[in-house]
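Topology and contacts: notes
Here is how the chains run, residue by residue.
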Amino acid sequence: MQTSIVILLFAGLLALGYAAPRPGAEEKDAQLLKYENDHNGIDGYNFQFDTSNGIQRQEQAQLKQFDDENAALVVRGSYSFTGDDGQVYTVNYVADENGFQPEAPHLPK
């Protein structure tokens, strides 16, 4: 009997999860307004895009030689989006030998 109740509760919670509105579901009709992409083989790349819902992203990477045996891409970029509060949020970041380092006024330090 208890197993049946647990199964029914689980099924009910699962159904509620599927019935809830999905965050970003209204974003599914966003159009790509701008797209640029340039790959420089193993030496790096850069790209940028803008969408009709206000999302913007740009990123570039360059190969950095650390020593005779170790090299890696150093990535710099940013992305912007409009939050639920109507404010535009921008995050700038670097990913290098020190890890991923995002910076933005709205992020905790």
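Provided above is the structure to which this section pertains.
Residues numbered from 1 in each chain as written. Predicted model: local features only at pLDDT ≥ 70, side-chain atom pairs only at ≥ 80, totals over all residues. Heavy atoms only, no water.

**Remarks on the side chain of Ser80**
The following threshold applies: Secondary structure is summarised from DSSP: a helix means a run of H or I of at least four residues, a strand means a run of E of at least two, and numbering begins at the N terminus for each. Only protein chains enter the accessibility calculation, which uses a 1.4 Å probe; a residue is then buried when its area is under 20% of its type maximum, exposed when over 50%, and partly exposed in between. Between N or O atoms, a polar contact is any pair within 3.5 Å; within protein, one atom must be a potential hydrogen donor and the other a potential acceptor, and residues adjacent in sequence are included only when both atoms are from side chains. Contacts were defined at the residue level, with two residues in contact if any of their heavy atoms lie within 4.5 Å.
Here Ser80 lies in strand S4 (residues 71-82). When its relative accessible area of 10% is taken as the criterion, Ser80 is described as buried. Among the polar contacts made by the side chain of Ser80, one reaches the side chain of Thr90 at a distance of 2.8 Å. Excluding residues that lie within four positions of it along the chain, Ser80 makes contacts with Gly54, Ile55, Gln56, Val88, Tyr89 and Thr90.

**Section: the environment of Ala72**
Relative to the assigned elements, Ala72 resides in strand S4. Judged by its relative accessible area of 31%, Ala72 falls in the partly exposed class. Remark: the alpha-carbon pair of Ala72 and Ala61, spanning 11 residues in sequence, is separated by 9.6 Å. If we skip the residues at most four places from it in the chain, Ala72 touches Gln62, Leu63, Lys64 and Phe66.

**Remarks on the pairing of strand S3 (residues 56-65)**
This is how the line gets drawn: What makes two strands pair is DSSP finding at least two bridges between them.
Strand direction decides the pairing type here: strand S2 (residues 44-51) and S3, joined by seven bridges, are antiparallel. Across the sheet, Gly44 pairs through a bridge with Gln62, a residue of S3. Hairpin remark: S2 followed by S3, antiparallel, with four residues in the connecting loop; positive phi at Gly54, about 90°. Bridge analysis of S3 against S4 gives 10 bridges, and the strand direction is antiparallel. Residue Gln58 lies in a different strand from S4, and its bridge partner there is Ser78. Hairpin connection of S3 to S4: five residues between the antiparallel strands.

**Comments concerning the nonpolar core**
Quick note on the threshold: Nonpolar cores are built from buried Ala, Val, Leu, Ile, Met, Phe, Trp, Tyr and Cys residues. Side-chain atoms within 4.5 Å join them into one set.
Formed by Tyr45, Phe47, Ala61, Val75 and Tyr93, the largest nonpolar core amounts to five residues. Apart from residues lying up to four places away in sequence, Tyr93 is in contact with Arg57, Gln58, Glu59, Val75, Arg76, Gly77, Ser78, Tyr79, Phe100, Gln101 and Pro102.

**Concerning a nonpolar patch on the surface**
Applicable threshold: What makes a patch is a set of residues exposed beyond 30% relative accessible area and free of salt bridges, joined within 9 Å when like-charged and within 5 Å when nonpolar (Val, Leu, Ile, Met, Phe, Trp, Tyr). Each accessible area is a Shrake-Rupley estimate made with a 1.4 Å probe; only the visible protein chains count as cover when residues are assessed. Whenever Lys or Arg places a side-chain nitrogen within 4 Å of a carboxyl oxygen from Asp or Glu, that contact is recorded as a salt bridge.
Judged by side-chain polarity, Ile42, Leu63 and Leu73 come together as a nonpolar surface patch covering roughly 290 Å² of accessible area. For Leu73, the position within the fold is in strand S4. Here Leu73 falls in the partly exposed class, since its relative accessible area comes to 36%.

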